[in-house]
Amino acid sequence: MLERITLERRAGAGPVRQTAAYTGSLVMAIALSLGVLVAAGVPIGALYQELVVQVFLAPTGQAQTLTAATPMLLVGLSAALCLRLKFWNIGLEGQLLLGGIFATGVALTDLGGPVRLALMLIASAIGGALWIAAPLLLRLRLGVSEVIVTLMMTNIAYLLLQHLLFGAFGDPTYNFPSSPAFDDAERLPRLGFGSVHLGLVIALAAVAAVAWISYRTPFGFASRFAGHNPEAARTVGFNTTWIIVVSVLAAGALSGLAGGIIVAGTEFRLSQQIGLHATFNGIVIAALARNEPLWIVPVSLLIAGLTVASASLKVFYGVSEGVVLIIQGIILFCLVAGQFLTTYRVSLTPIEAVR
Amino acid sequence: MVAPRTQVAVPALEAHGLAKRFGDALVLDHVDFALAPGEIHALLGENGAGKSTLMNILTGLYSPEAGHVRVGGVAAAIRSPGEALALGIGMVHQHFRLAAAFTGRENVRLATGNLPALRGRGRTDAALDHALARTGLEVPLDVPVGDLSVADQQRIEILKALSLGARILILDEPTAVLTDQEGDRLLAMVRRLASSGTSVVLITHKLREVLAASDRVSVMRAGRMVLAARGVDEVSAEILAEAMIGQDAPATLRSPSPPGAVLLELAGVSVLRRGAAAVRDVHLSLRSGQIMGIAGVGGNGQQELAEAIVGLRRLETGQVRLAGADMTGRSVDQRRGAGMRYVPSDRSTQALAPDASVNDNLAAAAVSRGRLGRRMLLPRYIRAHARGRIEAFSIAGVTARGTRPVRLLSGGNAQKVVLARELDAEARLIVVHSPTRGLDVAACRYVHDQLIEAAKNGAAVLLISEDLEEILALSDDIRAMSRGQLSTPTSERPSRREIGQMMLGHA
């Protein structure tokens, strides 16, 4: 039977209701995700082992999770900076690729001598910032939607990457499109725990720095205030254009840095795979963390654990890697639905009763 | 004016013991209400008294927790606005529900669900023609409503309700957005409707309208009906005011202040909005210690003028000077540094970040001036600053640490947050736009007292308002704005009627 759906805007959800909605969404998301995994053929008994013990409790798994979380911290932070100001950056992957390209460029040209590694990371941040500068400029000057431009810039970045890998950056001794392997001096040092490398420290430092700026400086105050209401921010005298320029460029730099850290910390070469799911990861992490810098840390670990688990699920149970994306999608969907239900009260009335 | 028939006939609409609770608050405490056929029934009450909740129940937006409703003597369960309309209850909200890009005719069709591609087009138009004939209204029906004046939009809302078959018409503060003349015209039209049998509920704040235009009056206070269905000839303005606010309501009167030095000067200010002239060649000068009232119907360039003065909008031509210093081209921040303050008309979109805490909203201006630290900003500085303002302005509804989001405050307290931020010791020019819109009587008086106090302390206040009473009660000097132009200064204080003429651009 057809029903009429009525939406009633709630008078305003207090902190209790919001927390309940967030928790409820998360529980719902976990339940649905487990359902999907079971349906995909993972025995119920193995879920705890695969999703908790293997990735968070066993030392090998912990190391893998931390390594996977390293770039996620940076892209999550990048996404949060943009989303907080309602600058819809859907091009995290493009900025990350540029970061990887710039870092590789420094490595392959042997620039910088003893500080080459530092130069690679700085270059990667510059690459990411440059890549977001174009959509930023278009948005501020001409009002062009950054959604479209950042998204398309990712395609351009990917084509540029291919162009370089099949040309100037290509490794002639290797059959796959990738750059030559980096020298030892171009690799981030390991920290003595599996494949965990210095990039983790850099990423955590970035999180701490953004958290500090957000909550302990006038600029951070202004950007949070402008995020809530840019018009009110202008009324009290904040320069919202400046806030957006700085935050968005910083976000681009963080995504670029993620690319630099991937090539210098885990891959040791530039390949086509480095940008995999960066945009989606970043947005899901930022959404789950509600754009709060410090929350990015646990959320990144969670998503990283899921990614690591998916690798073994694929090996042992033949579950496609795509299941991670499905689960992330479920989480995002549940969060958005939870947000919607805290804003509106939904009621269904059968059409019969209306007539 | 109470016709005897109102006592004998079956009421058009009756409510018994309606109760509604939001969270812990009983916003409607077993309220009775009766509307006679063909009467104009004024419903008075402060904001938050429960008028809107009552009407929202009668129009099916809310469902009551207790009590029942009868329409034409028959028990009715109204579960949606659609059902309310089917029973002949139509409402014209304060904020119109019109699609701006559509014409009046299209809006009516949209509301009836008889879209052009579907059947019933002729019927809708016939109903509309009938409504036009009954009301005697003349409205351009084939122009996008976004291009029409507020008064015309309101007429279309009324026509829409009537075309949908409303025999009971609820008007929510219909004259709030109109000039006095337009308001009088509206009330005359409502009278014609009533004499042809339509029952009208007139929600209003204006005692004058109650006494002049209605048959009976009911007053609500704090969720209760404190004065039920009394004939207007049995009541006086004093009785109504007392029922409404529960105490004497002396008009805030200012003793004229000695004018100080010229503080604000506007010379030939013109402002564009989307390429069209919104403010044309405005000249004015305002001395410190003075309150200048700018009357006018909303949308005549007041917003643009205010924004141009405080630096939120670029001037096309002209100059803004503060205490002799040219401010043209200076940033908002620089102007605030020179002592300019702004209380915009729309609290939640222009002045406050509703989801941010009370503390942050109070501290924002000080933070932007670097007053709480240029490099470092510690949360306790913000808290300390905010606590002082919360106490000074007795802002209620804030949690102990001030972390509650502003959106959870009542309108009056939210406006206090804005005032507490803007009316600091260094404020020299305060541009205030409709500062009491949507506030209850007590909150209005508080706002007025604060403005008077600020002027007494030597600040200049530019009060832009659509509320003529407010302008008359507070201003030393009164001007009006019409189609972007400011009326010429008058040597004597203009009368209510003259101001109305000025607002319509006739003077």
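Residues numbered from 1 in each chain as written. Chains lettered and ligands numbered in written order. Predicted model: local features only at pLDDT ≥ 70, side-chain atom pairs only at ≥ 80, totals over all residues.

K.L.:
Please explain the overall build of chain A as it appears in this structure.
P.N.:
The secondary structure content of chain A amounts to 14 helices and two strands. For chain A, the C-alpha radius of gyration of 22 Å lies close to 20 Å, the compact-globule estimate for 355 residues. Each principal axis of the C-alpha atoms in chain A carries an extent, and together these give about 75 × 60 × 35 Å. Across the 355 residues of chain A, 47% fall into the buried class. Of all intrachain contacts in chain A linking residues separated by at least 6 positions in sequence, the fraction that spans at least 24 positions is 77%. (Helix = DSSP H or I, 4+ residues; strand = E, 2+ residues; numbered from the N terminus. Rg over C-alpha atoms; globule rule 2.2 N^0.38 Å. Buried ≥ 20, exposed ≤ 12 C-beta atoms within 10 Å, placed from the backbone. Contact = placed C-beta atoms within 7 Å.)

K.L.:
Any chance you could explain helix α7 (residues 180-195) of chain B here in plain terms?
P.N.:
Count 3.6 residues to each turn of an α-helix, and residues three or four apart come out pointing the same way. All names here are of chain B. With 16 residues, α7 ought to run about 22 Å at 1.5 Å a step, and its terminal C-alpha atoms sit 23 Å apart, in line with that. Within α7, burial applies to E182, G183, L186, L187, V190, L193 and A194. End-on, the buried residues of α7 take up no more than an arc of 135°, which puts them together on one face. Residues of α7 that are exposed and point over 90 degrees away from its buried face: A188 and S195. (Expected span 1.5 Å × (residues − 1). Arc of directions from axis to C-beta.)

K.L.:
How should I be thinking about the nonpolar core in this particular structure?
P.N.:
General note: in soluble globular proteins, nonpolar side chains tend to be found buried as a group. Counting residues in hydrophobic clusters, the biggest one holds 253 residues, and the most contacted among them are V461, L462 and L463 of chain B. Excluding anything up to four places from it in sequence, L462 of chain B contacts L264, L286, M292, I294, V431 and V432 of chain B. (Core = buried A, V, L, I, M, F, W, Y, C linked by C-beta atoms within 7 Å.)

K.L.:
Just checking my understanding: could you explain the packing of helix α8 (residues 218-228) of chain A against helix α13 (residues 358-368) of chain B for this structure?
P.N.:
The axes of two packed helices give the description: the angle between them and the distance between them. Close contact between α8 of chain A and α13 of chain B brings their axes to 10 Å; oriented N to C, the two are set at 130°. Taken together, the axes of α8 of chain A and α13 of chain B lie oblique to each other. Judged by the twist between their axes, the crossing of α8 of chain A over α13 of chain B is left-handed. In contact with P218, F221, A222 and F225 of chain A of α8 of chain A, α13 of chain B contributes D360, A364, V367 and S368 of chain B. Split into classes, the residues belonging to the contact of α8 of chain A with α13 of chain B amount to six nonpolar, one polar and one charged. (Axes fitted to C-alpha atoms, helices over the stretch in contact; angles between N-to-C directions. Parallel < 35°, antiparallel > 145°, perpendicular 65-115°, else oblique. Left-handed = near helix turned anticlockwise from the far one by under 90°. Nonpolar A, V, L, I, M, F, W, Y, C, P; charged D, E, K, R; others polar.)

K.L.:
In this structure, what is going on with the environment of V210 of chain B? I would like to understand it.
P.N.:
Residue and element names in this part refer to chain B. Tracing the backbone shows V210 in helix α8 (residues 207-213). Sequence spacing of V210 and Y342 is 132 residues, and the spatial spacing of their C-alpha atoms is 34 Å. Leave out the neighbours within four places in its chain, and V210 touches A42, L44, T204, V217, V232 and L240.

K.L.:
How should the sheet that holds strand β15 (residues 325-326) of chain B be read in this particular structure?
P.N.:
Note: strands within a sheet are paired through backbone hydrogen bonds, in either parallel or antiparallel orientation. Residues and elements named next belong to chain B. The strand order across the open sheet formed by four strands is β12-β11-β14-β15, and the pairing between neighbours is antiparallel. Each edge of the sheet is formed by a strand with only one pairing partner; in this case those strands are β12 (276-287) and β15. In terms of strand pairing, strand β14 (residues 317-322) meets β15 through two bridges, oriented antiparallel. Residue pairing in the sheet places R321 in a bridge with D326 of β15. (Pairing = 2+ DSSP bridges.)

K.L.:
Can you walk me through the interface of chain B and chain A in this structure?
P.N.:
By a widely used convention, the size of an interface equals the accessible area lost when the partners come together. Between chain B and chain A, the residue contacts involve 34 residues of the former and 22 residues of the latter. When contributions to the side of chain B that touches chain A are tallied by element, the ones reaching two or more residues are α3 (81-86), α11 (332-337), α12 (347-351) and α13 of chain B. Among the elements that take part in the side of chain B that touches chain A, α13 of chain B stands out by supplying five residues, more than any other. Residue composition of the side of chain B that touches chain A, grouped by class: 17 nonpolar, seven polar and ten charged.

K.L.:
In this structure, what is going on with unusual backbone geometry? I would like to understand it.
P.N.:
You will see that N291 of chain A, though not glycine, has its phi angle at about 60°, which is positive. If you trace the backbone, N291 of chain A turns up in the loop between α11 (278-288) and α12 (296-317). Judged by the 21 C-beta atoms lying within 10 Å of it, N291 of chain A falls in the buried class. In the Ramachandran plot, H30 of chain B falls in the positive-phi region, its phi being about 50° despite a non-glycine side chain. Its location among the elements puts H30 of chain B in strand β2 (residues 25-35). Taking the C-beta count within 10 Å as the criterion, H30 of chain B has 17 such neighbours and is therefore assigned partly exposed.

K.L.:
Would you mind going over the sheet that holds strand β20 (residues 485-486) of chain B with me for this structure?
P.N.:
All names here are of chain B. Taken together, the six strands give an open sheet; going across it, the order is β16-β17-β18-β13-β19-β20, and neighbouring strands pair in mixed fashion. Of all the strands in the sheet, the pair left with one neighbour each is β16 (340-343) and β20. As paired elements, strand β19 (residues 477-482) and β20 share two bridges and run antiparallel to each other. Each bridged residue has a counterpart across the sheet, and for M481 the counterpart in β20 is L486. On top of the sheet, helix α15 (residues 411-422) reaches β16 and β17 (429-433); it is set at about 175° to β16, its chief contact. Helix α16 (residues 441-456) rests against β13 (291-295), β17 and β18 (460-464) of the sheet, and its axis sits at about 145° to β18.

K.L.:
Is there a simple way to think about the confidence of the model for chain B in this case?
P.N.:
Interpreting fine coordinate detail is not advised for predicted regions of low pLDDT. Residues and elements named next belong to chain B. On average, residues of chain B score 84 in pLDDT, and 91% of them are at 70 or above. Counting interchain partners and residues more than four positions distant, the pLDDT-below-50 stretch residues 1-7 has eight contacts. For the stretch residues 248-252, pLDDT sits under 50, and the model shows nine contacts to residues farther than four places along the chain or on other chains. Scoring of the predicted complex yields 0.74 for pTM and 0.86 for ipTM. (pLDDT = per-residue confidence, 0-100.)

K.L.:
Sorry if this is basic, but what is going on with the packing of helix α3 (residues 59-84) of chain A against α12 of chain A here?
P.N.:
All names here are of chain A. It is the contact of α3 with α12, at a shortest axis distance of 7 Å, that shows an interaxial angle of 130°. In terms of axis orientation, α3 runs oblique to α12. Judged by the twist between their axes, the crossing of α3 over α12 is right-handed. On α12, the residues touching G61, Q64, T65, A68, A69, M72, L73, G76, L77 and A80 of α3 are I296, V297, V299, S300, L301, I303, A304, G305, T307 and V308. Residue composition of the contact of α3 with α12, by class: 13 nonpolar, seven polar and no charged.

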